[in-house]
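# Working through the structure, step by step
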Amino acid sequence: MWNQWRTDAYNGMTAETVDIKGYNGETINAYYARSLVPGNHPGVVLINHAPGWDEFYRETTRRFAEHGYNAICPNIFYRAGHGTPEEVVAAQRAAGGVKDETVVGDIEGGAKFLKSQPNSNGKVGVFGTCSGGRHGFLVACKSKEFAALVECWGGGVIQPETTPAQPVSPNTLTKDLSCPMLGLFGNDDQRPSPDNVNQHEEELKAAGKNYEFHRYDGAGHGFFYYHAPAYRQQQCMDGWEKIFTFFGKNLA
């Protein structure tokens, strides 16, 4: 839970960039934060959003480690080359966007990396926001590596038009969702819109999946992003409480 550390409790982490095996066995880089608290720890793989493999995602990776997780954020834009997040995103868009198949392989590689660590408890969740939320749902439908999914305002889970890089609308794979899911959404968002979220929930319900959705009035797209005008403090912090409760229940 948020802000529940005792003042006499030990806490610590290491955080660094590492190499992991991603899609098709290719070596990519990732940001890894490991809890130093004694004992075995669950893992979380983070999938960055459309603005890139950026500082917000490095900070969020460390936030999970602060709360007792081994957390890793693979650089899913690795194949577009290196530079600032903005430069890499521009190169990735010019190449037609990141491919779903490489994202699935890279995120599975992150899960296998975490499970191989000597202080792993063997359980790994996946977390993503915006396009990363879409990717998170896609990965949890195509992979059996994950014990829990947190999808935050997954733009494009319901995708009217497919592309060569994104050849399937993830909601069509709902029957294959392999783990419990938490969804967080803003009612002022348009990607996904409230109607999209309704359809998403109806399909999960029809498939008999274990899920919980929370929807926030007064919040739009990206309401966790404290560095942007979309930030909504109250809704954001309630969302983090729900994330830690959900992962605590499913990954402990």
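## Some remarks on empty space enclosed by the protein
- The final tally for this structure, using the stated rule, is 1 cavity of 30 Å³ or more.
- The calculated volume of the largest cavity comes to roughly 30 Å³.
- Every residue lining the largest cavity is listed: Phe 185, Gly 186, Asn 187, Pro 192, Ser 193, Pro 194, Val 197 and Arg 215.
- Mapped onto the lining of the largest cavity, the elements with two or more residues apiece are strand E7 (181–186) and helix H5 (194–206).

## Focus: the layout of surface pockets
- One number sums up the size of the largest pocket: a volume of about 330 Å³.
- If you trace the largest pocket, you find 18 residues lining it, with Ala 50, Val 98, Ser 131, His 135 and Gln 166 closest to the centre.
- At the level of secondary structure, the elements contributing two or more residues to the lining of the largest pocket comprise helix H2 (85–94) and helix H4 (131–142).
- Partitioning the lining of the largest pocket into residue classes produces 6 nonpolar, 9 polar and 3 charged.
- Each pocket or cavity is described by its volume, and for the second largest pocket that value is around 180 Å³.
- In this structure, the second largest pocket is lined by 14 residues; those nearest its centre are Trp 53, Gly 83, Thr 84, Pro 85 and Val 88.
- Here the lining of the second largest pocket is composed, by residue class, of 4 nonpolar, 7 polar and 3 charged.

## As for the pairing of strand E6 (residues 148–152)
- Burial runs high along E6: 5 of the 5 residues are buried.
- Both faces of E6 are covered, namely the face carrying Ala 148, Val 150 and Cys 152 and the face carrying Leu 149 and Glu 151.
- The parallel pair strand E5 (residues 120–129) and E6 is bridged by H4, and the resulting crossover is right-handed.
- Looking at chain direction, E6 and E7 are connected through 4 bridges and run parallel. If you follow Val 150 over to E7, its bridge partner there is Leu 182.

About the cut-offs
- Residues numbered from 1 in each chain as written.
- Predicted model: local features only at pLDDT ≥ 70, side-chain atom pairs only at ≥ 80, totals over all residues.
- Heavy atoms only, no water.
- 1 Å grid on protein atoms, 1.4 Å probe; cavity = no way out; pocket = protein on both sides within 12 Å on 5 of 7 lines; lining within 4 Å.
- Points joined across faces, edges and corners; volume = space filled by probe spheres on them.
- Helix = DSSP H or I, 4+ residues; strand = E, 2+ residues; numbered from the N terminus.
- Nonpolar A, V, L, I, M, F, W, Y, C, P; charged D, E, K, R; others polar.
- Buried < 20%, exposed > 50% of the residue type's maximum accessible area, 1.4 Å probe, protein only.
- Right-handed = clockwise from strand over helix to strand, strands pointing away.
- Pairing = 2+ DSSP bridges.

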